[in-house]
Amino acid sequence: MHSRIYLIGFMGSGKTTQGKKIARMIGYDFVDMDKWIEEKDGLTISDIFEQKGEAYFRKRETETILELNSREKVVISTGGGAPCFGENMKLLNESGLTVYLKLSPAALQSRLVNSYIERPLVSGKSETELRKTIEEMLEIRESFYMQAAMVIDGLGEVNERIVNAIQRR
Ligand code: S3P
């Protein structure tokens, strides 16, 4: 089994929730990249975007991928944009097993509607705007997400399916 499992996918696809469960099931550590950056920088993601800008945040994501890529036995939930900038997707694929939690725009919308305040790229949008943003961003991002070693239907209880699949790798 791979020593590093990377969960990738759009905001609201369940990377953190599922990642914690999967880590527990296979006895691995769990790291949430956003939390890692927040702790290191002493700022929330929203504050980082506001005070330092998105480009700074994207640089921190790449640095974090490089910092974490020698950790052993770890499940890492990446930020929704992390695989989509620079060489990040390549770095992730070289370092471990990448798993894309794939969900439709409709499913993502219904999940994000309740938890989008802390996500600067979608916060403050009306329902229509949110849907449009998801569709537009997903269209660009899927070309990166689809480079994952495994693509998993993100609906329902996916942790057992992922654990079965990663144990066979
Ligand atoms: C982002 C996703 C967020 C966080 C930041 C930017 C994105 O992570 O990294 O708000 O660009 O999609 P989650 O996918 O964990 O919400």
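Note: the structure precedes this text.
Parameters and conventions
- Residues numbered from 1 in each chain as written.
- Predicted model: local features only at pLDDT ≥ 70, side-chain atom pairs only at ≥ 80, totals over all residues.
- Heavy atoms only, no water.
- Helix = DSSP H or I, 4+ residues; strand = E, 2+ residues; numbered from the N terminus.
- Buried < 20%, exposed > 50% of the residue type's maximum accessible area, 1.4 Å probe, protein only.
- Contact = heavy atoms within 4.5 Å.
- Areas by Shrake-Rupley, 256 points an atom, 1.4 Å probe, with all protein chains shown as cover.
- Near = heavy atom within 4 Å.
- Polar contact = N/O pair within 3.5 Å; in protein donor to acceptor, adjacent residues only side chain to side chain.
- Nonpolar A, V, L, I, M, F, W, Y, C, P; charged D, E, K, R; others polar.
- Phe/Tyr/Trp six-rings, centres within 6.5 Å; stacked < 30°, edge-to-face > 60°.
- Salt bridge = Lys/Arg side-chain N within 4 Å of Asp/Glu carboxyl O.

**As for the overall build of the protein chain**
Summing up its helical and strand segments, the protein chain has eight helices and five strands in all. Ordered by position from the N terminus, the helices and strands of the protein chain form the series β-α-β-α-α-α-β-α-β-α-α-β-α. Viewed in the frame of its principal axes, the protein chain has a C-alpha envelope of about 40 × 35 × 25 Å. Across the 169 residues that make up the protein chain, the buried fraction comes to 48%. Long-range pairs, those at least 24 residues apart, make up 75% of the contacts in the protein chain between residues at least 6 apart in sequence. In the structure as shown, the protein chain presents an accessible area of about 8,300 Å², 49% of it carried by carbon and sulfur atoms.

**Brief notes about the site of the ligand**
Looking at the ligand, there are 14 residues lining it, with Lys15, Asp34, Arg58, Arg119 and Arg141 nearest. Asp34 is positioned such that a nitrogen or oxygen atom in its side chain is 2.7 Å from an oxygen atom of the ligand. The contact in question runs from an oxygen atom of the ligand to an N or O atom on the backbone of Gly81, over 3.2 Å. Summarising the interface, the protein chains cover 95% of the accessible area of the ligand, which totals 390 Å² for the free molecule. It is helix H4 (residues 54-68) that contributes the most residues to the shell around the ligand, three residues altogether. Classifying every residue of the shell around the ligand by side-chain character gives five nonpolar, three polar and six charged.

**Here's the deal with the packing of aromatic side chains**
Throughout the structure, instances matching the rule amount to two aromatic pairs. Each ring, one from Phe49 and one from Phe57, has its centre 5.1 Å from the other, and the planes form 45°; the classification is tilted. Relative accessible area serves as the criterion here: at 15%, Phe49 is assigned to the buried category. Classification of Phe57 as buried rests on a relative accessible area of 3%. Aromatic side chains Tyr100 and Tyr145 sit 5.0 Å apart centroid to centroid with 35° between the ring planes, which places their arrangement in the tilted category.

**A short note on the pattern of salt bridges**
Considering all chains together, one arrives at 15 salt bridges under this definition. The salt bridge involving Glu61 is made with Arg58; its shortest N-O contact spans 2.8 Å. One end of the pair, Glu61, and the other, Arg58, are both in helix H4, three residues apart, so they sit about a helical turn from each other. Judged on exposure class, the residue Glu61 and its partner Arg58 are both buried. Among the ionic pairs, Arg131 bridges to Glu135, the shortest N-O distance being 2.8 Å. Linking Arg131 with Glu135, this pair stays in helix H7 (residues 127-145), spanning four residues, or about one helical turn.

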